[in-house]
Amino acid sequence: MSLSQSHNNGMLYVVGIGPGSPDHLTIKAANVLKNADIIIGNSTYLDQINHLLNSQQVIRSTMGHEVERAKKAIHLARDNTVAMVSGGDSNIYGMAGLVLEVARHENSQVDIEIVPGVTALSAVASLLGAPVVTDFAVISLSDLLTPWDTIEKRLHATSDADMVIGIYNPKSRQRNNNFQRAVKIIRRSREDSVPVGIVKNALRSEGESVIVTTLGKVLEYNDEVDMRTTVIIGNSESGIWNSRIITPRGYHKKYDY
Ligand code: SAH
């Protein structure tokens, strides 16, 4: 065996496992997880793939130890097939970025494959109807890694541009008023009648809830918004029909129907 081979027997997959239910996990993700020697992730995500666990070694880590987890995965992947699980999609506020950053920093020769998944925005949009069929922006209100000033700038820019807005990480225990602050900024350039969807635990077996309201009334539901919630704010053309949000794509301007 050559030196390069002996250093490169393993493989690291960063696997997006979708919003939470087995039905919405891709076939590719399931195959990668079933065939892995080692699976690394935090307990919430590992619980969501329980049905795929058999003889793999499982390493449970806790939130807030992401750098450590990425390093460990890269080191183990020298000689093992390792799957690191990431909720939703592995890119969107997921582990793909950190894993590649750490690999670059260490000049690692480990093979890394990023496996995509259904992100919260798609899951939530499906339950709300069709709020996101046109240009949209996704903004996380978590100011742990992004300064709040930057988040505010992005909120102003996307509201001014009349884009549909998906809000991830609207709240946490430490950051309880970020959502209220964001709504205040968006209301400066958007009418109170604009539809808003608040969805918790989308496409998970427990705790799913869907609320359709408007920008003027959304803070009446403030207590419903937590770290398992994604909020979608429509644009100036979005409307509500039968408790569903529809953002017209523009067909009505071009065709009669
Ligand atoms: N990589 C994930 C996002 C991680 S950030 C993805 O692509 O979906 C964590 C945030 O995602 C949560 O605070 C929440 O806003 C959102 N989220 C993740 N899963 C969700 C679900 N099933 N229902 C509603 N929101 C969800």
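Right above here is the structure, for reference.
Residues numbered from 1 in each chain as written. Predicted model: local features only at pLDDT ≥ 70, side-chain atom pairs only at ≥ 80, totals over all residues. Heavy atoms only, no water.

Q: It is not clear to me how the sheet that holds strand E2 (residues 38-42) should be interpreted in this structure. Could you clarify?
A: Working definition: the strands of a sheet are paired by backbone hydrogen bonds and lie parallel or antiparallel to each other. Spatially, the five strands line up as an open sheet ordered E3-E2-E4-E1-E5, and their pairing is parallel. This sheet does not close on itself; its edge strands, each paired only once, are strand E3 (57-61) and strand E5 (112-115). If you compare each strand with its neighbour and ignore which way they point, the axes differ by 20 degrees on average. Pairing between E2 and strand E4 (residues 81-86): three bridges, direction parallel. Among the inter-strand pairings, Ile40 is bridged to a residue of E4, identified as Met84. Strand contacts of helix H4 (residues 66-76): strand E1 (11-16), E2, E3 and E4, with the helix running at about 175 degrees to E2, the strand carrying the most contacts. (Pairing = 2+ DSSP bridges. Helix = DSSP H or I, 4+ residues; strand = E, 2+ residues; numbered from the N terminus. Axes fitted to C-alpha atoms, helices over the stretch in contact; angles between N-to-C directions. Contact = heavy atoms within 4.5 Å.)

Q: Help me understand the pattern of salt bridges in this model?
A: When charged atoms on two side chains of opposite charge get close, those side chains can pair. Applying the stated criterion across every chain yields a total of seven salt bridges. The partner of Glu237 in a salt bridge is Lys253, and the shortest N-O contact between them spans 3.6 Å. Highlighted residues: Glu237 in the loop between strand E11 (229-233) and strand E12 (239-241) and Lys253 in helix H9 (residues 251-254), separated in sequence by 16 residues. Taking the relative accessible area as the measure of exposure, Glu237 reaches 37% and is therefore partly exposed. A single network of salt bridges, built from pairs that share partners, joins Lys200, Asp226 and Arg228. (Salt bridge = Lys/Arg side-chain N within 4 Å of Asp/Glu carboxyl O. Buried < 20%, exposed > 50% of the residue type's maximum accessible area, 1.4 Å probe, protein only.)

Q: Help me understand the site of the ligand in this model?
A: Around the ligand sit 20 residues in total, of which Ile92, Thr119, Met227, Thr229 and Thr230 are the nearest. With respect to the ligand, the backbone of Ala120 contributes an N or O atom lying 2.9 Å from an oxygen atom. Between the ligand and the protein, one listed contact pairs an oxygen atom with a backbone N or O atom of Met227 at 2.7 Å. Protein coverage of the free-state accessible area of the ligand, which is 540 Å², stands at 92%. Going through the elements one at a time, helix H6 (120-128) and E11 are the ones with two or more residues in the shell around the ligand. Among the residues forming the shell around the ligand, the class breakdown is 10 nonpolar, seven polar and three charged. Here the shell around the ligand gathers at least three residues from each of two domains, domain 1 (3-118) and domain 2 (121-246). (Near = heavy atom within 4 Å. Polar contact = N/O pair within 3.5 Å; in protein donor to acceptor, adjacent residues only side chain to side chain. Areas by Shrake-Rupley, 256 points an atom, 1.4 Å probe, with all protein chains shown as cover. Nonpolar A, V, L, I, M, F, W, Y, C, P; charged D, E, K, R; others polar. Domains from an automatic or database assignment.)

Function cannot be read off these values alone, since they describe shape.
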